[in-house]
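Remarks on the overall topology
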Amino acid sequence: MPEVNAFGQQVGPEVPGWAPRPWPEPVTMTGRYVEVRPLTSAHYADLFAATCGEGDDDLWTYRPVPRPTSLPTLWMHLAAHLESPELVTFALVPLEGERAGRASGVASYARIEPAHGQVEVAGVLLGRALQRTRAATEAIHLLMRHAFDDLGYRRFEWKCDSLNEPSRRAALRLGFVEEGRFRNHMVTQGRCRDTDWFSVTDGEWPAVRAAHESWLDPGNFDEDGRQRTALSAATARA
């Protein structure tokens, strides 16, 4: 709740003992179903196979560049991520399924502001074999858990093109709160992009984390790996 200062003005509550948080390092995060590894050039060939096939153009519709049609083109795209001082980028490596042990997606920490304890998960790209899997959900959970529990961040963001309905649904399913729309925010591949913003705060995180952990529990899946209870049902109660 707002407080009132000596001048009769409303101000936000104090954050006791606050100090700038550490910058995220490229660490490995291991779960039951996926490993989130620091991206290196050793992952590029696997990522090209997972995300750049002739039928994968739609995976790139909302990205800054169209689908790379050669490994060197993807190499240059991902190398720019590694060279950027503003990003910490990871390869998503499933530990089960047809692509177990091979990089099948990427995601980055972006908009990193240690002074304020804010970080965004950005540039999420999932190959077909990783989409709609518990490994994909766990990958985002691990990135969130590291930011909140290990680094002490206060805010974790998700942003997407307002027309990217699968990304919007994913954010809500994962427990993010929709905050609003930035109109005419970007020009992406020559097209106007409005951007929708979502977040989870440190106060919301314990309930969201518990919902994730309950959904990811092996007991929530039958012998064929089908979920017994939907994550959206759990996060709706978070």
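Before reading further, recall that the structure is shown in the block above.
As a starting point, this report considers the structure included with it.

Conventions and cut-offs
Residues numbered from 1 in each chain as written. Predicted model: local features only at pLDDT ≥ 70, side-chain atom pairs only at ≥ 80, totals over all residues. Heavy atoms only, no water. Helix = DSSP H or I, 4+ residues; strand = E, 2+ residues; numbered from the N terminus. Rg over C-alpha atoms; globule rule 2.2 N^0.38 Å. Contact = heavy atoms within 4.5 Å. Areas by Shrake-Rupley, 256 points an atom, 1.4 Å probe, with all protein chains shown as cover. Lys, Arg positive; Asp, Glu negative; His and termini not counted. Charge placed at Lys NZ, Arg CZ, Asp CG, Glu CD. Salt bridge = Lys/Arg side-chain N within 4 Å of Asp/Glu carboxyl O. Buried < 20%, exposed > 50% of the residue type's maximum accessible area, 1.4 Å probe, protein only. Core = buried A, V, L, I, M, F, W, Y, C linked by side-chain atoms within 4.5 Å. Phe/Tyr/Trp six-rings, centres within 6.5 Å; stacked < 30°, edge-to-face > 60°. Lys NZ or Arg CZ within 6 Å of the ring centre and 35° of its normal. Disulfide = S-S within 2.5 Å. Polar contact = N/O pair within 3.5 Å; in protein donor to acceptor, adjacent residues only side chain to side chain. Pairing = 2+ DSSP bridges.

**So, the overall build of the protein chain**
- From N to C terminus, the protein chain includes six helices and ten strands.
- Here the C-alpha radius of gyration of the protein chain, 19 Å, is about what a compact globule of 238 residues would show, namely 18 Å.
- Its C-alpha atoms give the protein chain principal-axis dimensions of roughly 65 × 45 × 30 Å.
- In the protein chain, the proportion of contacts linking residues at least 24 apart, taken out of those at least 6 apart, comes to 61%.
- Surface exposure of the protein chain reaches about 12400 Å², of which carbon and sulfur atoms provide 51%.
- If the 26 positive side-chain charges of the protein chain are averaged to one point and the 32 negative ones to another, these points end up 3 Å apart.

**Some details on the pattern of salt bridges**
- Going through the model one piece at a time under the given rule, you end up with 18 salt bridges.
- A salt bridge links Arg-37 to Glu-35, with the nearest nitrogen and oxygen atoms 2.6 Å apart.
- For Arg-37, a relative accessible area of 25% translates into the label partly exposed.
- Judged by its relative accessible area of 16%, Glu-35 falls in the buried class.
- A salt bridge links Arg-111 to Glu-120, with the shortest nitrogen-to-oxygen separation between them at 3.9 Å.

**Notes on the nonpolar core**
- Ranked by size, the top nonpolar core spans 39 residues in total, and within it Val-36, Tyr-109, Leu-143, Met-144, Phe-156, Trp-158 and Phe-176 carry the most contacts.
- Among the elements of the structure, strand E4 (34-38), strand E5 (88-94), strand E6 (105-113), strand E7 (118-126), helix H3 (134-150), strand E8 (155-161), strand E10 (191-201) and helix H5 (205-216) are those that each provide at least two residues to this core.
- Residues in contact with Val-36, not counting those within four places in the same chain, are Val-27, Thr-28, Met-29, Phe-90, Ala-91, Leu-92, Ala-139, Leu-142 and Leu-143.

**Observations concerning the packing of aromatic side chains**
- The tally for this structure, following the rule as stated, stands at ten aromatic pairs.
- Consider the rings of Phe-148 and Trp-205, whose centres lie 5.1 Å apart with planes at 20°: the pair is stacked. One end of the pair, Phe-148, is in helix H3; the other, Trp-205, is in helix H5, with 57 residues separating them in the sequence. For the pair formed by Phe-148 and Trp-205, the shared burial category is buried.
- One aromatic cluster is present, built from ring pairs that chain together Phe-90, Tyr-109, Phe-148, Phe-156, Trp-158, Phe-176 and Trp-205.
- Over the face of the ring belonging to Trp-60 we find Arg-63, whose NZ or CZ atom lies 5.1 Å from the ring centre.
- Here Arg-173 stacks its cationic end above the ring of Trp-215, 4.9 Å away from the centre of that ring.

**Some points on the state of the cysteines**
- Applying the stated criterion across every chain yields a total of zero disulfides.
- Looking at Cys-192, it has no disulfide partner, and the nearest cysteine sulfur is the one in Cys-160, 14 Å off.

**Let's talk about the side chain of Arg-99**
- Within the secondary structure, Arg-99 is located in the loop between E5 and E6.
- Here Arg-99 occupies a buried position and makes no salt bridge, while the nearest side chain of opposite charge, Asp-46, is found at 4.4 Å.
- Here Asp-46 takes part through its backbone oxygen, which lies 3.0 Å from a polar atom of the side chain of Arg-99.

**Examining the sheet that holds E5**
- If you walk across this open sheet you meet the eight strands as E3-E4-E5-E6-E7-E8-E10-E9, and the pairing is mixed. The strands lining the two open edges of the sheet, one partner per strand, are strand E3 (29-30) and strand E9 (177-188).
- Looking at chain direction, E8 and E10 are connected through seven bridges and run antiparallel. Paired with Phe-156 across the two strands is Val-200, which belongs to E10.

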